[in-house]
Amino acid sequence: MFNKITKGGLPIKTSNIALAGTGVGKSLFMCHVAASCISQGHNVVYITMEMAEERIAERIDANLLNVNITDLHTMS
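Every chain is numbered on its own, with residues counted from 1 as its sequence reads. Only residues with pLDDT of 70 or above have their local features reported here, since the model is predicted, and side-chain atom pairs are shown and tallied only from 80 upward, although totals for entire chains, interfaces and linings are computed over all residues. The basis for the side-chain values is all heavy atoms of the structure; hydrogens and waters are excluded.

Student: It is not clear to me how the packing of helix α2 (residues 26-39) against helix α3 (residues 53-65) should be interpreted in this structure. Could you clarify?
Tutor: Think of two packed helices as two axes; the pair is described by the angle between the axes and how far apart they sit. Two elements in contact, α2 and α3, have axes whose closest approach is 9 Å; the angle formed by their N-to-C orientations is 55°. The pairing of α2 with α3 is recorded here as oblique in orientation. Read as a crossing pair, α2 and α3 show a hand that is right-handed. Contacts from Ser27, Leu28, Cys31, His32, Ala34, Ala35, Ile38 and Ser39 of α2 reach α3 at Ile56, Arg59, Ile60, Asn63 and Leu64. Of the residues that constitute the contact of α2 with α3, the class distribution is eight nonpolar, four polar and one charged. Think of each axis as a best-fit line through the C-alpha atoms, taken over the contacting stretch in the case of a helix, with angles from 0 to 180 degrees between the N-to-C directions. What counts as a helix is a DSSP run of H or I of at least four residues, what counts as a strand is a run of E of at least two, and both are numbered from the N terminus. Small angles under 35 degrees read as roughly parallel and large ones over 145 as roughly antiparallel, with 65 to 115 read as roughly perpendicular and the rest as oblique. Working rule for handedness: look at the near helix, and if it is turned counterclockwise from the far one by less than a right angle, call the crossing left-handed; if clockwise, right-handed. By definition in these notes, contact holds between two residues if any of their heavy atoms fall within 4.5 Å. Residues are grouped as follows: Ala, Val, Leu, Ile, Met, Phe, Trp, Tyr, Cys and Pro are nonpolar; Asp, Glu, Lys and Arg are charged; all remaining types, including Gly, are polar.

Structure below.
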């Protein structure tokens, strides 16, 4: 739906900011977008002042592997 609304998604070589209130899904959205861009071979810089690097990495990994985040710790 995001790609439809933006008529193609995020333009290549752009900086993008997700700005919204507390608890509305900014991190969820950005981790999904980051994983999608990574899977397409693009470089991603993820800057946040809210969450630890490890939590962001877990969320992106879960998106890339298409698994529940709680299942990451049981995987080899």
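Read on, since the account is not over.
Student: Looking at this model, I keep getting lost on the pattern of salt bridges. Mind explaining?
Tutor: One side chain can pair with another of opposite charge once the charged atoms of both are near each other. The term salt bridge refers to a side-chain nitrogen of Lys or Arg lying within 4 Å of a carboxyl oxygen of Asp or Glu. For the structure on display, the rule yields one salt bridge. Taking the shortest distance from any N to any O, the salt bridge between arginine 55 and glutamate 58 comes out at 3.0 Å. Residue arginine 55 and its partner glutamate 58 are located together in helix α3, separated by three residues, close to a single helical turn. Each residue gets one of three labels from its accessible area relative to the maximum for its type: buried under 20%, exposed over 50%, partly exposed in between, using a 1.4 Å probe on protein chains only. We classify glutamate 58 as buried; its relative accessible area is 15%.

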